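Secondary and tertiary structure notes
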Amino acid sequence: MSRTLLDPTGELAPTTRERIARPSSLEGATVGLLDISKARGDVFLDRVQYRLEERGLGVHRFVKPTFTKVAPIDLRHEIAKQCDVVIEALAD
Amino acid sequence: MTLPDGLVAIVKRDCPTCTLVVPVLTELDADPTTALTVFTQDDPTFPDGIDAVDDTDLTVSFALDLDTVPTLLRIEDGREVARTVGWSREQWQAFTGRMGLGEGLPPHRPGCGSRTQDPDLVAARTAAAGAAQLRSRRVELGEREDDIEAMFERGWSDGLPLVPPTPERVARMLTGTTRDPAEIVANVAPDLVDCTVEKVAINAVLAGCRPEYLPVVLAAVEAACTDEFNIHGVLATTMPVGPVVVVNGPVARAIGMNSRGNALGQGNRANATIGRALQLVIRNVGGGRPGGVDRATQGNPGKYTFCFAEDEAGSPWEPLHVSRGFDPHDSAVTLFTGEGPRGIIDQASRTPESLVASFAACLRTVAHPKIVVGIDAMLVVSPEHARVFAEAGWDRAHLLDALGERLQVPGREFVRGANGISEGMPEAFADTTLPKFRDGGLLVVHVGGGAGLFSTIIGGWLSGAAGSEPVTRRIMT
């Protein structure tokens, strides 16, 4: 005999979105550097910024309030608006 | 439902009073001037010799909201105009307008319970009615599928077998709350899914909860999904932590939670399944799974379930929820982000000064002896340890003050390189003194039963707005 169970999941049906293609070159690009507020992430990003600016690229710095929570939507919006690519310092 | 005009009697064979009045019913049935219809609840052949209507499915009986059989009704134009229950010659005679009814029978006899009063039948009927209203997707299992294996295969399990969430079980679970099954309880991370009371109930069934536990599970889900508690971060962290649920107030005793011997351990259904249900909601509704968003390096066994009640009756102190601003008559859950518990053994201290020094020495090691301020802890004090403080007249504030004094850590002890250990704070802190725990970062509860000069520390996680705040929520039925 067949039985019926109720689905305990969120029953998500997410739509698939195409990723933006990786740029073949950073020439002329504006780079966002996102510090997620993990220890010493700033040290790493300071060095990345130095190297990118050496190459004449525009760099914008961003900071998440805390690494334990998802980035506020306004911050994500700002990054998307201002930058062509983003580099995130994830770990200690 | 329209009943036939005239007299209607509802009876069952399993009732001595119904059996007693069979001669009366037979007499009325034989009278061409009386229109009598008999409905029978348990045996379609009862009463013998009368062509009774089968109401073994109780459709008519439930519609009439019967308490007792026999019940005699007078129906006019399809509507009930009078009712009498049990056997009373006087009343039946008045009801039927016939004298000399039931010669030889006692003048009156109380009736029996209608089958509609059987608690199991009522629950099954409620469940069947409720099941049809549930909105979740139906998952049909094949004839040859094993229920338990099918649930493992669908990824619903935390690793232990689950109770199959049939619509009837879920509907029964929902009788534990007055809340609408469609009400949104919380937005559950990491998938940020709006979670209904119904979805929580399904996961509570999976976990093995009884319906009366559901309000506690609902409050725990609400607390976990606040921005302050930050279940997303608690789940995603590489550290070995998970939600610890402490239950306070009258509900704990009402649903049989354990706050005494082995309360932090196995063996109590409410403790075990409430904590498990919370974790299953995070897993199934929120989509938070080990190896996915759960990035724990090692994890801890409390991530299966970690839930207990505070022993308020035996405590020398006000309950945890009262210390956090709730009324003693409120029932509440407090969620704390914690590691696995570790014991404090002190069988020799007989003064509060000695015991508090022991506690402080052990608390100093939470996370790491050189980590200060940033990590909270919960101190779970046993009855025999609490007695030492109670006999000396120390209230909770006194205990916390004394611990705070002993947990001021000089910077030279926690800077990088101190004690030959690289872990620590930058050298600039060498001349400072910092508290081991931030203000309010040490929670104290009273738990345990029987003998034992042992208490417990549950180490925390990143405290405050950057990580997780303990959150207390009132439990609503």
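Here the structure is shown first, and the text comes after it.
1. Considering the environment of B:R125
Within the secondary structure, B:R125 is located in helix α5 (residues 119-131). Expressed as a C-alpha distance, the spacing of B:R125 and B:G288, which sit 163 residues apart in the sequence, is 36 Å.

2. Structural notes on the pattern of salt bridges
Residues and elements named next belong to chain B. For the structure shown, the criterion picks out 26 salt bridges over all chains. Measuring nitrogen to oxygen at the nearest pair gives 2.7 Å for the salt bridge that ties R210 to E212. Under the relative-accessibility criterion, R210 is labelled partly exposed at 38%. Residue E212 is classed as partly exposed on the basis of its relative accessible area, which comes to 32%. Salt bridges here are not isolated pairs; linked through shared partners, they connect R179, E183, E222 and R473.

3. Notes on the interface of chain A and chain B
At the interface, 17 residues of chain A touch 36 residues of chain B. Around 2,300 Å² of area is buried between chain A and chain B when both sides are counted, 56% of it from carbon and sulfur atoms. It is A:R3, A:L5 and A:L6 that lose the most area in chain A upon contact with chain B, and together they represent 34% of the buried surface on that side. Here chain A is connected to chain B by four salt bridges. In this structure, the salt-bridge partner of B:R137 is A:D7, at a minimum N-O distance of 2.9 Å. Tallied by class, the residues present in the side of chain A that touches chain B amount to seven nonpolar, six polar and four charged. Bridge count for strand β1 (residues 3-6) of chain A against strand β10 (residues 138-141) of chain B is four bridges, and the pairing is antiparallel. Residue pairing across strands places A:T4 opposite B:E140, the latter belonging to β10(B).

4. Side note on the nonpolar core
All names here are of chain B. Judged by nonpolar contacts, the single largest core of 64 residues is most densely connected at V200, V221, V247, M257, I274 and L335. Tallying contributions element by element places helix α9 (residues 214-224) first for this core, with nine residues. If near-sequence neighbours (up to four positions away) are discounted, V247 is found in contact with V216, A252, M257, C307, F308, A309, E310, A332, V333 and I475. Counting 33 residues, the second-largest nonpolar core is a separate cluster that includes I10, V24, V69 and I75.

5. Here we look at the side chain of B:T84
Mapped onto the elements of the fold, B:T84 is located in strand β6 (residues 79-85). Setting aside residues up to four positions removed in sequence, B:T84 forms contacts with B:P70, B:T71, B:L72, B:Q91, B:W92 and B:F95.

6. Some remarks on the state of the cysteines
Residues and elements named next belong to chain B. Tallied over the full model, the rule gives one disulfide over all chains. Cysteine C195 remains unbridged, with the sulfur of C225 as its closest cysteine sulfur at 7.4 Å. C307 takes part in no disulfide bond, and the closest cysteine sulfur, belonging to C209, lies 9.1 Å away.

7. Thoughts on the pairing of strand β20 (residues 442-446) of chain B
Residues and elements named next belong to chain B. Most of β20 sits out of view: five of its five residues are buried. The alternating pattern of β20 places L442, V444 and H446 and L443 and V445 on opposite faces, both of which are buried. Examined bridge by bridge, strand β17 (residues 375-381) and β20 share five bridges and lie parallel to one another. The residue of β20 that forms the bridge with V380 is V445.

8. A closer look at the packing of aromatic side chains
Both the distance between ring centres and the angle between the ring planes are used here to describe each pair of aromatic rings. Scanning the model with the defined rule gives five aromatic pairs over all chains in all. On the basis of an interplanar angle of 50° and a centroid distance of 6.0 Å, the ring pair of B:F306 and B:F308 is categorised as tilted. Ring pairs connect the aromatic residues B:W317, B:F359, B:F389 and B:W394, which therefore count as one cluster. Between A:K38 and the ring centre of A:F67, over which it is positioned, the NZ or CZ distance is 4.7 Å. Over the aromatic face of B:F95 sits the side chain of B:R74, whose NZ or CZ is 5.4 Å from the ring centroid.

9. Regarding the sheet that holds strand β16 (residues 341-345) of chain B
All names here are of chain B. Spatial strand order, β16-β21-β17-β20: four strands in an open sheet with mixed pairing. Because the sheet does not close on itself, it has two edges, and the strands there are β16 and β20. Each strand of the sheet is rotated relative to its neighbour by a mean of 25°, with strand direction disregarded. The sheet contacts of helix α14 (residues 352-363) involve β16, β17, β20 and β21 (454-462), and relative to β17 the element is tilted by about 140°. This element, helix α16 (residues 396-406), spans β17 and β20 of the sheet and lies at about 135° to β20.

10. Concerning the pairing of strand β5 (residues 71-76) of chain B
Across five bridges, strand β1 (residues 6-11) of chain B lies against β5(B) in antiparallel orientation. Among the inter-strand pairings, B:A9 is bridged to a residue of β5(B), identified as B:L72.

11. So, a negative patch on the surface
Residues and elements named next belong to chain B. Taken together, the side chains of E318, D395, D401 and E405 define an acidic patch exposed on the protein surface. Checked against the element boundaries, E318 lands in the loop between β14 (307-309) and α13 (320-323). Overall, E318 belongs to the partly exposed group, its relative accessible area being 40%.

12. Some remarks on unusual backbone geometry
Residue and element names in this part refer to chain B. Following V69, the chain continues into P70 via a peptide bond in cis, with omega recorded as -5°. Turning to its location among the elements, P70 is positioned in the loop between β4 (68-69) and β5. A cis amide bond links A189 with the next residue in sequence, P190, at an omega value of 0°. The residue P190 is located in the loop between β11 (184-188) and β12 (193-196) in this model. Residue N419 is not a glycine yet carries a positive backbone phi of 60°.

Analysis parameters
- Residues numbered from 1 in each chain as written.
- Chains lettered and ligands numbered in written order.
- Predicted model: local features only at pLDDT ≥ 70, side-chain atom pairs only at ≥ 80, totals over all residues.
- Heavy atoms only, no water.
- Helix = DSSP H or I, 4+ residues; strand = E, 2+ residues; numbered from the N terminus.
- Salt bridge = Lys/Arg side-chain N within 4 Å of Asp/Glu carboxyl O.
- Buried < 20%, exposed > 50% of the residue type's maximum accessible area, 1.4 Å probe, protein only.
- Contact = heavy atoms within 4.5 Å.
- Buried area = accessible area lost by both parts, 1.4 Å probe.
- Nonpolar A, V, L, I, M, F, W, Y, C, P; charged D, E, K, R; others polar.
- Pairing = 2+ DSSP bridges.
- Core = buried A, V, L, I, M, F, W, Y, C linked by side-chain atoms within 4.5 Å.
- Disulfide = S-S within 2.5 Å.
- Phe/Tyr/Trp six-rings, centres within 6.5 Å; stacked < 30°, edge-to-face > 60°.
- Lys NZ or Arg CZ within 6 Å of the ring centre and 35° of its normal.
- Axes fitted to C-alpha atoms, helices over the stretch in contact; angles between N-to-C directions.
- Patch = residues over 30% accessible without salt bridge, like charges linked within 9 Å, V, L, I, M, F, W, Y side chains within 5 Å.
- Areas by Shrake-Rupley, 256 points an atom, 1.4 Å probe, with all protein chains shown as cover.
- Lys, Arg positive; Asp, Glu negative; His and termini not counted.
- Charge placed at Lys NZ, Arg CZ, Asp CG, Glu CD.

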